[in-house]
Amino acid sequence: MAAATLVIAAACDQQARTTLPPPSNAYAKTSTNPAPAKGTCLTDDEIQAVRNEIAWQQFYNAAIQCEKNTPSFRPDYGAFRNKFRTDNEVNSAPLQRAITKHRMNVNAFKTEVANRDGASAGGNPKYCANAYDGFRWALSQQVNSLSQVPPMLDFSGDMGLRVCTAGTPAAKPAAKPARK
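Here goes a summary of the coordinates provided. If you're wondering where the values come from, they're calculated on a predicted model, not measured in any experiment.

A closer look at the state of the cysteines
Summed over all chains, the structure comprises 2 disulfides. Within the protein chain, bonded cysteines paired by disulfides and numbered along the sequence follow the pattern 1-4, 2-3.

Considerations on the nonpolar core
Counting residues in each nonpolar core, the largest one holds 22 residues, and the members touching the most others are Phe-59, Phe-80, Phe-84 and Val-149. Looking at which element gives the most residues to this core, the answer is helix α6 (residues 127–138), with 6 residues. Beyond its immediate sequence surroundings of up to four residues, Phe-80 is in contact with Trp-56, Phe-59, Phe-135, Ala-138, Leu-139, Leu-146 and Val-149. Listed in part, the 14 residues of the second largest apolar core include Ile-54, Val-106, Val-113 and Leu-161.

Comments concerning unusual backbone geometry
For Arg-103, which is not a glycine, the phi torsion comes out positive at approximately 50 degrees. With respect to the helices, strands and loops of the structure, Arg-103 is situated in the loop between α4 (85–101) and α5 (106–122).

With respect to the pattern of salt bridges
The final tally for this structure, using the stated rule, is 5 salt bridges. With its nearest N and O atoms 3.4 Å apart, the salt bridge here joins Glu-46 to Arg-97. On the criterion of sequence distance, the pair formed by Glu-46 in helix α2 (residues 44–65) and Arg-97 in helix α4 is long-range, its members being 51 residues apart. With a shortest N-O distance of 2.6 Å, Asp-154 and Arg-51 are connected by a salt bridge. Here Arg-51 lies in helix α2 and Asp-154 lies in strand β2 (residues 153–154), a separation of 103 residues in the sequence. You can call Asp-154 buried: its relative accessible area is 9%. A relative accessible area of 28% means that Arg-51 is categorised as partly exposed. In the salt-bridge network here, residues are joined through shared partners; they are Asp-45, Glu-46, Arg-97 and Lys-101.

Rules of the game
- Residues numbered from 1 in each chain as written.
- Predicted model: local features only at pLDDT ≥ 70, side-chain atom pairs only at ≥ 80, totals over all residues.
- Heavy atoms only, no water.
- Disulfide = S-S within 2.5 Å.
- Core = buried A, V, L, I, M, F, W, Y, C linked by side-chain atoms within 4.5 Å.
- Buried < 20%, exposed > 50% of the residue type's maximum accessible area, 1.4 Å probe, protein only.
- Helix = DSSP H or I, 4+ residues; strand = E, 2+ residues; numbered from the N terminus.
- Contact = heavy atoms within 4.5 Å.
- Salt bridge = Lys/Arg side-chain N within 4 Å of Asp/Glu carboxyl O.

This is the structure in C-alpha cells:
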C-alpha cells in the first residue's frame, strides 16, 4: 500500500512538473515612471547591487503579503535566502557605495524599497502570481547568482538612480567636512 502511494505520488509530481512551463524571468518589469536623476550616476556593479537589494526586499515582502495564497512563499523565501546568502553579503559593499553617493542611509533605502513594493503590491492583482514566477525562476537550477534574479518591479529609475553612460564618469561622494 505504501509503495503504491509513493508510485502514485511520484507520477503526480512528475506530471505536475511536465505541465508547468520552464522557469522564466518574464515576471520582471521595469517601472515606466523614471524620476529626474538624483546625485551622481552609478557604476554597473552599484546599479546591480541596488537591483539585487530591490529583488531581495520584494521576495521578502512576497513571502509575507502572499502568505494567504496557496502555496505559501515562506518556504520559498527560506530557500531563496539560503541560496543567495553569500551573494547578498558580497552585495553590501557596492550597495553602500551606491547609497552613499545619493546621501542616503542604507536602512532608509531598504525601508523606501519595502514601502514602494508594498504600495505596488496593493494595487497589483498579479503581484502574488509574479512572485510565484519569480521564486520559480530564482530557485531553478539554471540560476546560480543573485544578479540573475531581476526584481519583480525595478523602480530604481523612480528613485532617481541611473547608470553612468559612456563619457560620464561615476563621481565619488563628496567628503564630509572635518569637525572642529
